[in-house]
Structure formats: C-alpha cells, structure tokens
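Here are the chains, one letter per residue:
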Amino acid sequence: MSFIGKGANATNSPVYEDADHDPVTSVLVNGDVPHYDGSMDADERVITALGYKQEFKREFSLWTTFCVSFAVLGLLPSFASTMYYGMGYAGTAGMVWGWIIAMIFIQCIAMSMAELCSAMPTSGGLYYAAAVLAPPGYGPYAAWITGWSNWIGQITAAPSVDYALAAMILAAGSIANPNYTPADWQTFLLTTLIMIIHAIISSMPTKWVAEFNSWGSTFNMLALIAVIIAIPAATTNSPKFSSSKDVWGTIGNRTDYPDGVAVLMTFVGVIWTMSGYDSPFHLSEECSNANIASPRAIVMTSGVGGLMGWFLQLVVAYTVLDIDAVVNSDLGQPWASYLFQVLSRQAALSILALTIICGFSMGQGCMVAASRVTYAYARDDCFPLSKYWKRVNGTTQTPVNAVVLNAVLGILMCLLMFGGSVAIGALFSIGAIAQFVAFAIPITIRVFFVGDRFRRGPWHLGRFGPFIGGVGVSFVLLMVPILCLPSVTGSDLTPDLMNWTCLVWGAPMLAVTIWWFVDAHKWFRGPKVNVEHAIHAVQEESGVIVGVSVAEHAGGGGATRGCIE
C-alpha cells in the first residue's frame, strides 16, 4: 500500500490506496503511516489506513448489511407506528404527496452519506467524517456535536420501536378480549421484556446476528409485499377504493397551520421511518469489501424502502374509510383501527400478526446498529466510563457492554409512557430530528467547506456530489423547525398537546455543548488512532522532507502538523 502525500483532501488528511481499493480518506496526518502486517487482507489494510485496528470479524456481506438496514427501516411496523403523523395531520393527499416529496430529498441525503461512507468506511460513520473533513481546529467540535446527536437518535430507536410493538401486541389482546384494556405498567413491562430479548440477540457472535437479521429482513420484505397485495384484495369496502380525486385532490388539514405546513408536518413519519439507512455505515467494520458494499447498501435501503413505503401509503390512502375514527380509536393504535375498519376480523388479525413479527425484527436491527455506534464513540472516549463501553467481548467478538448500556438507557426512556401519549411520542420525533442533524453536519462540511477538493472513495457521485449534498442539507434546514411544531396553536395548545421535541432533544444537546466549552474541549480530540505507526519521511514535490511525530494524529480536523527538517 502506498501513501499519497499531496492533495489528500481539504484538510490535508492522507489518502491510502492499493491495487484492490480506491483511496480512503484517513484521520491520520501526512507522514504518519500505519505499520502493515503482511497477513492483512484488503479490508484490514483499509481500516488500518483509517487509523483503527481490525477488531470485528467481517461476516457481513452486501446482502446481510442491507438486511440489517432494511430491518431497521421496518417499513410495515414503522408505518404502523407513525400512521398518525401522516393521515392525522393532512389526510390521504398529505400522505401520498408528502411521501413522494420527502423521499426525493431523503434520497439526496442517503446518496451523499454513501459517498462519505465509501471514503471513510468506519463504524464511527458520520462522526468520523465530520472530524476528518472539518477545517483545521474544528474537527473535534464537529465530531462532538455530530456524535452526540447521532447517538441520541440511535439509542431512542429501539425503545420507540419496542414500545410501539408492545402497544400493538396489547391492542391485539384488546381485540381478542373486548373487556381488556391495557394499563401503562403492562405496556412498560412488555416493552422491557422485548428490549432484554433484543439485547441478548445483539450480544451474540457477528455471524449469528447477521443470520438473524437476514432472515428477519427477508420476512419483513415478504410480509410487506403480502400486505400491499392482501389489503386491496380482501377489503370489505363497497366500493373497494376511494376515487383518485378524493385521495390526491384535497389536503385533509387537521392542524392549525396552512395546508403546505400541514403536509410538511407529515414528513416526521417519513423521516423517522427512513432514518435507518445509515446502518451500513456503522456496520462497515464488520462488512467485507466495505468501501463499496456499505455505500451500495445505504442507497439500496433508501431507494427500495422509499418505493415500497410509497406503495403501502397508496394502499392505505385508497382504502381508508374514516380517518377520524382511525386516529381517535379507543384501541390506541391507528394501524389496528384501520385494519379492522377495512378488513374482516380474521384478515385484520393476520396482518396485525405479520406487523408484530416485523416489528420485532425491526427493534433487533435498531439495537444492533445503536450498539455499534456506542462502541465506536466509546472507542474515542466520547462518553463517561468509555473504558467499559468500548470493550469487545472475547467470546462473541461483539461489543456486549455497549449493548447492555443501550438496553438500560432504552428501558429508562420508556418510563416516559407514564407521562402520557405525547411524552412517549417524543421518542419518535427525537429520533427523526437527532438523526437528521447528525446526517447534515458532515454533508454540510463536505459541500460548503471542502467542495471539489473532497477525496472520493470507489463509490461516488462524481461532479453531482456537491449539488446533491446541497439539496439534502437545504431540506434538513427546512425540516428541523417543522419537526418541533405542535399540531395546534393558541388556546387549543395544552401541555398534553405540546410537541416536546425541542426540549427533549434540545436539552441534552445544549448540555453537551456547554460541556464542550467548559471542559470537553480540553481532552476530546476526535477519532483516536489505535494502530501501530511507522514514521516515514515524505518526499514532497519541492524536494523538502517532512517529518511527523507519532503523537500528532488528526485530532484537530486532520490538519498536518509537520516540521521542516
């Protein structure tokens, strides 16, 4: 593997290349070259060039990586969990138009993320990219904000999915026994049980986790196709379908805002549903041929997920009879209410059962992805007690401690359900806004600060990269305030109807920002190199030899700190 000493990227981070892989953008500074073991394969040389030891087994392929991320999307249970935000805000027209519009911009974000992943295939993902691409001196702060926002979004994913799953299970119980009304403590205990089961599975060896998610994701896809076909075929409506004019023509605005804003507010369901396409980035250290397979998995997830999700939106929009009855049902689960509105009892229970199984697989995928993010950030001492969370279990070769931490925090977050439906609903909107902000920061740096000087990996967008990234970032800037809006205003706005996203996400982000300026800036230096180094002199074009110290790794955004000899 050779080292390219000039023009690596905007921050002078180096680029490594060999016959098997195109360049990767590394946190290591010019002149600080890893020591390579002759037994390393191509993937291990890539991760070593990025500054990290190979600590996981690479037992994920393009297909199994896609399966994990598609399981995290969990289109069927995700739609079931967030159905209220679509038709509940803007009716059927808001659903079908909103999904199309949102997906165009989400695809831009996904493609820009895939380009970053190809250049920097590490489990740190967006956090690592923000550190490397930021202007000199700003790398640690960019990594700090990106990492914490992404982590908050990741750790809220599994508990929000598992809460929705528990609610669906108990709703099925209410249907089977009309005299039974689930209590909050029962929902909490069932959610806790599901979280524990997911933690156990996520702590297993990588090969077992990959197999489990492969089967689960395959079931997800087959179940989604079955539901898309079964609902139109089995609906008891007469006529079977609403007219296209009714479905597409009129915005059924149920908010206190103009129609356009109401449609934008429906995007929270789309954003939360589609937020799992970053999972291949975080699994890249466990994936073979990572700087090609992982970005492909990102784009496949967003593309296939977006298209199939829209088909499901169309099916529901054309068959729903009474939206108010669906969103205000005593069952407390709009998806279950919808199924019993348009299908026979047996058919509705069958589809609800499929949704529950898919939801279990989705929660498992969320737990796996979140644990890898926790491990990656703990490896760089981002958290208190990081020395415990970054340990890799010697038997399973997986970050078991990180899994346990996430499970405990998720169970504690589920206590929000005792504060009411709006309080627990904040978990969904937190995940959407936290992930969106984390996605946007490194893409913003790449587009507006690095531009054409960005060193691309083998999967890239060519000359369209900055434009596509700019479109995605603009969408994020528009949606962040929209995601914080309550559905009602004025005298109608009560604490029970308030959108608490700005507080529940903003408070911890304000806390970590204060922590940064008060203390963390003194010791946090971004991604920490953990490979052995060989100090090489680098011959520049001018004939001057540049030497670099081992200790001077790219903690400050990847700037070169050499001395003329």
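Residues numbered from 1 in each chain as written. Predicted model: local features only at pLDDT ≥ 70, side-chain atom pairs only at ≥ 80, totals over all residues. Heavy atoms only, no water.

- Under the annotation held in an unreviewed UniProt entry, the protein carries the name Amino acid permease and is attributed to Aspergillus rambellii.
- The Subcellular location (unreviewed entry) comment attached to the protein in UniProt states, word for word, "Membrane". (UniProt positions renumbered as here; feature names shortened; annotations may be inferred.)

1. Overview of the overall build of the protein
Next, step 1: Along the backbone of the protein there are 20 helices and eight strands.
Next, step 2: For the protein, the proportion of its 565 residues judged to be buried stands at 61%.
Next, step 3: Look at the contacts in the protein between residues 6 or more apart in sequence, and 79% of them connect residues 24 or more apart. (Helix = DSSP H or I, 4+ residues; strand = E, 2+ residues; numbered from the N terminus. Buried < 20%, exposed > 50% of the residue type's maximum accessible area, 1.4 Å probe, protein only. Contact = heavy atoms within 4.5 Å.)

2. As for the side chain of Asp278
Next, step 1: By the element assignment, Asp278 lies in the loop between α10 (267–273) and α11 (279–282).
Next, step 2: Buried within the structure, Asp278 lacks any salt-bridge partner; Arg372 is the closest side chain of opposite charge, at an N-O distance of 13 Å.
Next, step 3: Here the side chain of Asp278 touches Gln154 through a polar contact of 3.0 Å, side chain to side chain.
Next, step 4: Excluding residues that lie within four positions of it along the chain, Asp278 makes contacts with Met113, Asn150, Gln154, Gln435 and Phe439. (Lys, Arg positive; Asp, Glu negative; His and termini not counted. Salt bridge = Lys/Arg side-chain N within 4 Å of Asp/Glu carboxyl O. Polar contact = N/O pair within 3.5 Å; in protein donor to acceptor, adjacent residues only side chain to side chain.)

3. A look at helix α5 (residues 139–176)
Next, step 1: Here α5 spans 56 Å end to end across 38 residues, near enough to the 56 Å set by a 1.5 Å rise per residue.
Next, step 2: Ala157 marks the point of greatest bend in α5, at about 25°, and the proline Pro159 comes within the next four residues.
Next, step 3: Where burial is concerned, most of α5 is hidden: 33 out of the 38 residues are buried. (Expected span 1.5 Å × (residues − 1). Bend = angle between axes of the 7 residues up to and from the residue.)

4. With respect to unusual backbone geometry
Next, step 1: Although it is not a glycine, Asn289 sits at a positive phi angle of roughly 55°.
Next, step 2: Along the polypeptide, Asn289 turns up in the loop between α11 and α12 (290–319).

5. Regarding the pattern of salt bridges
Next, step 1: Scanning all chains against the criterion turns up two salt bridges.
Next, step 2: In this structure, the salt-bridge partner of Arg446 is Glu115, at a minimum N-O distance of 3.2 Å. A residue pair is termed long-range when its members are at least 10 positions apart, and Arg446 in helix α18 (residues 421–450) and Glu115 in helix α3 (residues 75–119) qualify at 331 residues. Glu115 shares its class with Arg446; the two are buried.

6. Section: the environment of Ser160
Next, step 1: Mapped onto the elements, Ser160 comes out in helix α5.
Next, step 2: In this structure the C-alpha to C-alpha distance between Ser160 and Leu427, which are 267 residues apart in sequence, comes to 5.8 Å.
Next, step 3: A polar contact of 2.9 Å, which involves the side chain of Ser160, links it to the backbone oxygen of Thr156.

7. Details of α3
Next, step 1: Helix length check: α3, at 45 residues, gives a terminal C-alpha distance of 29 Å against a target of 66 Å (1.5 Å per residue), a shortfall beyond 12%.
Next, step 2: Roughly 125° is the biggest bend found in α3, and it falls at Ala90.
Next, step 3: With 39 of 45 residues buried, α3 lies mostly within the body of the structure.

8. Some thoughts on the confidence of the model for the protein
The predicted coordinates of low-pLDDT regions are not to be read in fine detail.
Next, step 1: Residues of the protein with pLDDT of at least 70 account for 83%, and the chain-wide mean is 79.
Next, step 2: Ignoring residues within four places in sequence, the model shows residues 1–22, a span with pLDDT below 50, making 88 contacts including any to other chains.
Next, step 3: Segment residues 533–565: pLDDT under 50, and 85 contacts once partners within four positions in sequence are set aside and those in other chains are kept. (pLDDT = per-residue confidence, 0-100.)

9. Considering the packing of helix α2 (residues 62–73) against helix α7 (residues 206–234)
How two helices pack is summed up by the angle between their axes together with the distance between the axes.
Next, step 1: Two numbers describe how α2 lies on α7: the axes approach to 8 Å, and their chain directions differ by 60°. It follows from the interaxial angle that α2 and α7 lie oblique. Here the hand of the crossing between α2 and α7 comes out left-handed. Contact residues: α2 offers Trp63, Thr64, Phe66, Cys67, Val68, Phe70 and Ala71, while α7 offers Ala210, Asn213, Ser214, Ser217, Thr218, Asn220 and Met221.
Next, step 2: For the contact of α2 with α7, the class distribution of residues is eight nonpolar, six polar and no charged. (Axes fitted to C-alpha atoms, helices over the stretch in contact; angles between N-to-C directions. Parallel < 35°, antiparallel > 145°, perpendicular 65-115°, else oblique. Left-handed = near helix turned anticlockwise from the far one by under 90°. Nonpolar A, V, L, I, M, F, W, Y, C, P; charged D, E, K, R; others polar.)

10. Concerning the packing of aromatic side chains
Next, step 1: In this structure the tally under the stated criterion is 30 aromatic pairs.
Next, step 2: Measuring from centroid to centroid gives 5.8 Å for Phe79 and Trp335, while their planes differ by 85°, and the two rings are edge-to-face. One end of the pair, Phe79, is in helix α3; the other, Trp335, is in helix α14 (residues 334–342), and 256 residues separate them in sequence.
Next, step 3: Ring geometry for Phe212 and Phe360: centres 6.5 Å apart, planes at 70°, overall edge-to-face. On the criterion of sequence distance, the pair formed by Phe212 in helix α7 and Phe360 in helix α15 (residues 345–379) is long-range, its members being 148 residues apart.
Next, step 4: When its relative accessible area of 23% is taken as the criterion, Phe360 is described as partly exposed.
Next, step 5: Here the aromatic residues Tyr127, Tyr141, Trp144, Trp148, Trp151, Tyr377, Trp515, Trp516, Phe517, Trp523 and Phe524 are joined through ring pairs into a cluster of three or more. (Phe/Tyr/Trp six-rings, centres within 6.5 Å; stacked < 30°, edge-to-face > 60°.)

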